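As a plain string of letters, each chain reads:
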Amino acid sequence: MEDCIFCKIIKGEIPSNKIYEDDKVIAFHDVNKEAPVHFLVIPKEHIESVNVINEKNSLIVSHIFLVINKLVSELGIDKQGYRIVNNTGEDGGQSVNHIHFHVLGGRNLTWPPG
Ligand code: AMP
C-alpha cells in the first residue's frame, strides 16, 4: 500500500530497528517505546486490521504468535511476563492501518489500560 508507513518499513523505504524478518513478517522496536521492551510484529502483506482477518489470511496470525514466542525468549522477557496488544480502529487507538501486534515487557504493566 503506497501511503502505509509499515509497508514502507517492509520495503526499506523508512528505516527501522529490525529484530526479525522472514518471508511473511517483520518485527522491529517501536519508536515510541512504552516499556523497556516494546516491539511490533507485522505481516508483510498489507492487512488493515483484525476486521479483515478471514479464513484465507488468518494463518498469518498464528505465525505472528510463533514469532512472538521466539522473540520474547530471545529478549529475556518470557519468564517474567509481557503483554501482547492489538489496537483496532478509532476507539481501539489504532494509528497505523496495517495490522500489528505490540509486545511490551521489562516492567510491571498496569491494568486496565487507559
Ligand atoms: P497503534 O497506535 O496501535 O496503531 O501503533 C502504531 C505504533 O507504531 C505506535 O506505537 C508507533 O510508535 C509505532 N510507529 C510508528 N511509526 C514507526 C516507525 N517508523 N518505526 C517504529 N515504530 C513506529
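In this text the structure is predicted, and so the values were computed from the model without any measurement. (Residues numbered from 1 in each chain as written. Predicted model: local features only at pLDDT ≥ 70, side-chain atom pairs only at ≥ 80, totals over all residues. Heavy atoms only, no water.)

A. A look at the overall build of the chain. Within the chain one finds three helices and five strands. For the chain, the sequential pattern of α-helices and β-strands runs α-β-β-β-α-β-α-β. Viewed in the frame of its principal axes, the chain has a C-alpha envelope of about 35 × 30 × 30 Å. Looking at the chain alone, contacts between residues at least 24 apart form 55% of all its contacts between residues at least 6 apart. Entry remark: accessible area of the chain is about 7,200 Å², with carbon and sulfur atoms responsible for 49%. Here the chain contributes 11 positively and 15 negatively charged side chains, and the mean placements of these two sets differ by 7 Å. (Helix = DSSP H or I, 4+ residues; strand = E, 2+ residues; numbered from the N terminus. Contact = heavy atoms within 4.5 Å. Areas by Shrake-Rupley, 256 points an atom, 1.4 Å probe, with all protein chains shown as cover. Lys, Arg positive; Asp, Glu negative; His and termini not counted. Charge placed at Lys NZ, Arg CZ, Asp CG, Glu CD.)

B. Focus on the UniProt feature "active site" (unreviewed entry) in the chain. Mapped onto the present numbering, the UniProt feature "active site" (unreviewed entry) falls on H100. One can find H100 in the loop between α3 (89-92) and β5 (101-105). In this structure H100 touches F6, L40, V41, I42, V85, N86 and Q94, once residues within four positions along its chain are discounted. (UniProt positions renumbered as here; feature names shortened; annotations may be inferred.)

C. Up close: the site of the ligand. Near the ligand you find 16 residues, and of these D30, N87, S95, H100 and H102 are the closest. The separation between an oxygen atom of the ligand and a polar main-chain atom of V96 is 3.0 Å. Note that an oxygen atom of the ligand is positioned 2.8 Å from one of the side-chain N or O atoms of H102. Computed on the free molecule, the ligand has an accessible area of 500 Å², of which 83% lies beneath the protein chains in the complex. Of all the secondary-structure elements, those providing two or more residues to the shell around the ligand are α1 (5-11) and β2 (25-29). It is α1 that contributes the most residues to the shell around the ligand, three residues altogether. For the shell around the ligand, a count of residues per class yields seven nonpolar, eight polar and one charged. (Near = heavy atom within 4 Å. Polar contact = N/O pair within 3.5 Å; in protein donor to acceptor, adjacent residues only side chain to side chain. Nonpolar A, V, L, I, M, F, W, Y, C, P; charged D, E, K, R; others polar.)

D. Expanded view of the pairing of strand β3 (residues 37-43). Across the seven residues of β3, seven count as buried, placing the element largely inside the fold. On β3, burial covers both faces: V37, F39, V41 and P43 on one face and H38, L40 and I42 on the other are all buried. (Buried < 20%, exposed > 50% of the residue type's maximum accessible area, 1.4 Å probe, protein only.)

E. Summary view of the environment of F6. When you line up the elements, F6 lands in helix α1. Taking the relative accessible area as the measure of exposure, F6 reaches 5% and is therefore buried. Once the C-alpha coordinates of F6 and N97 are considered, the two residues, 91 residues apart in sequence, prove to be 8.6 Å apart.

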